[in-house]
Amino acid sequence: MRLLIALLLLAALAGAVIMGLRHLPPEWDPREPLDLSAAPGWMTDLKLRRLAWEPEACFAAFAASGMTPRRVPDRPSDTGCAIENAMLLPGEARLQPASPVVTCRMAAAWVLFERNSLQPAARAHLGTEVSGVRHLGTYNCRNVNHARAGRRSQHATANAIDIAGFTLRDGREVRLLRDWGGAGPEAAFLRDVRDGACRWFRAVLGPDYNAAHADHFHLDMGRWRSCR
């Protein structure tokens, strides 16, 4: 009798879970595409990580967000430098040089970063928004640290971007090489940007990491997690 009651309770619990899943709002439902335009919630990070093994879910996220990704053809490589599931990097702020190629997952992280970390940091510390982003490139078929041997950099598959500075809507420029070590609002802005980026990207490396990053932030969506 007790076993029957236990089974009935389990069946009722399972039914409640199933009914609950049917009525979850999209932002809480793990089966729904990530909405890049919505305010981040507790499911956002999980859905972003899911894009690593479900590339089409990434493009579905852009469609669900009312954004049309500018996809680029796959480019096979026998040297570890393939470009797959990639697109031109979108952004509200102008990218300089324009339209670099990145993986779709990298693009999704960038949209979330720009809307929820970069622009709020600019408004909070500098009283305006970012109108332009100066980058040092995304795709480069090379090893980590340009070493002659070793593992490939995330740049080798367009899964990373290096950011050197920002242009503000009022014409001011903020550069990592010049402003990172300062004591003013520009330095506070850059540190807030670095900290905010760590939520969206797997690796964030800046001037505090080593001398090679003195003039830029390295952001990538690779396997290893680091915020330095």
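Owing to the predicted nature of the structure, the values given are computational and were not obtained by experimental measurement.

With respect to the helices, strands and loops of the structure, Ser-117 is situated in helix α4 (residues 104–126). Once residues within four sequence positions are removed from consideration, Ser-117 is found in contact with Leu-112, Gly-196 and Trp-200.

Pairing within the open sheet is antiparallel, and its three strands lie in the order β1-β2-β4. Either end of the sheet is taken by a strand with one partner, and the two such strands are β1 (71–72) and β4 (101–103). As paired strands, β1 and strand β2 (residues 86–88) are joined by two bridges and run antiparallel to one another. Along β2, the bridge assignment pairs Arg-71 with Met-87. In this fold α4 packs onto β2 and β4, with an angle of close to 95 degrees to the strand it touches most, β4.

Quick look at α4 now. Side chains that are three or four residues apart share a direction in an α-helix, a result of its 3.6 residues per turn. Taking 1.5 Å of rise per residue, 23 residues should cover 33 Å, and α4 covers 30 Å from first to last C-alpha, within 8% of that figure. At Glu-114, α4 is deflected by roughly 45 degrees, the largest bend along its length. Of all 23 residues in α4, 17 are buried, a share of seventy percent or more. In the stretch just after α4, Gly-127 is the one whose phi turns positive, near 70 degrees.

Examined against the element boundaries, Asp-220 turns out to sit in strand β9 (residues 217–220). Of the buried charged residues, Asp-220 lacks a salt bridge, with Arg-202 as the closest side chain of opposite charge at 6.8 Å. Of note is the side chain of Asp-220, whose polar atom sits 2.7 Å from the side chain of His-218. Apart from residues no more than four positions distant in its own chain, Asp-220 is found in contact with Met-106, Gln-154, Asn-159, Ala-160, Phe-201, Arg-202 and Ala-203.

With that settled, consider the state of the cysteines. Considering all chains together, one arrives at three disulfides under this definition. Two residues share a disulfide in this structure: Cys-58 and Cys-104, whose sulfurs sit 2.1 Å from each other. Between Cys-58 and Cys-104, the S-S dihedral sits near -95 degrees, and the bridge is therefore left-handed. Linking Cys-58 in helix α3 (residues 55–64) with Cys-104 in helix α4, this pair joins segments that are 46 residues apart in sequence. Like Cys-58, the residue Cys-104 is buried in the burial classification. Disulfide pairing is shown between Cys-198 and Cys-227; the S-S distance is 1.8 Å. Its S-S torsion of approximately 80 degrees makes the covalent link between Cys-198 and Cys-227 right-handed. Here Cys-198 is found in helix α6 (residues 185–200), whereas its partner Cys-227 is found in strand β10 (residues 226–227), with 29 residues between them in sequence. By relative accessible area, which is 11% here, Cys-198 ends up buried. On the accessibility criterion, Cys-227 (43% relative accessible area) is partly exposed. Looking at the protein chain, its bonded cysteines, counted consecutively from the start of the sequence, adopt the pairing 1-3, 2-4, 5-6.

Another point: the packing of α3 against α4. Two numbers describe how α3 lies on α4: the axes approach to 9 Å, and their chain directions differ by 35 degrees. Relative to α4, α3 is oriented so that their crossing is left-handed. In contact with Cys-58, Phe-59 and Phe-62 of α3, α4 contributes Cys-104, Arg-105, Ala-107, Ala-108 and Val-111. A class-by-class count of the residues in the contact of α3 with α4 yields seven nonpolar, no polar and one charged.

Another point: the environment of Asp-74. Here Asp-74 is to be found in the loop between β1 and β2. Here the alpha-carbon distance between Asp-74 and Ala-86, two residues twelve residues apart in the chain, equals 7.1 Å. Beyond its immediate sequence surroundings of up to four residues, Asp-74 is in contact with Ile-83, Glu-84 and Asn-85.

Quick notes on the rules
Residues numbered from 1 in each chain as written. Predicted model: local features only at pLDDT ≥ 70, side-chain atom pairs only at ≥ 80, totals over all residues. Heavy atoms only, no water. Helix = DSSP H or I, 4+ residues; strand = E, 2+ residues; numbered from the N terminus. Contact = heavy atoms within 4.5 Å. Pairing = 2+ DSSP bridges. Axes fitted to C-alpha atoms, helices over the stretch in contact; angles between N-to-C directions. Expected span 1.5 Å × (residues − 1). Bend = angle between axes of the 7 residues up to and from the residue. Buried < 20%, exposed > 50% of the residue type's maximum accessible area, 1.4 Å probe, protein only. Lys, Arg positive; Asp, Glu negative; His and termini not counted. Salt bridge = Lys/Arg side-chain N within 4 Å of Asp/Glu carboxyl O. Polar contact = N/O pair within 3.5 Å; in protein donor to acceptor, adjacent residues only side chain to side chain. Disulfide = S-S within 2.5 Å. Left-handed = near helix turned anticlockwise from the far one by under 90°. Nonpolar A, V, L, I, M, F, W, Y, C, P; charged D, E, K, R; others polar.

Any link to function would need more than the numbers given here.
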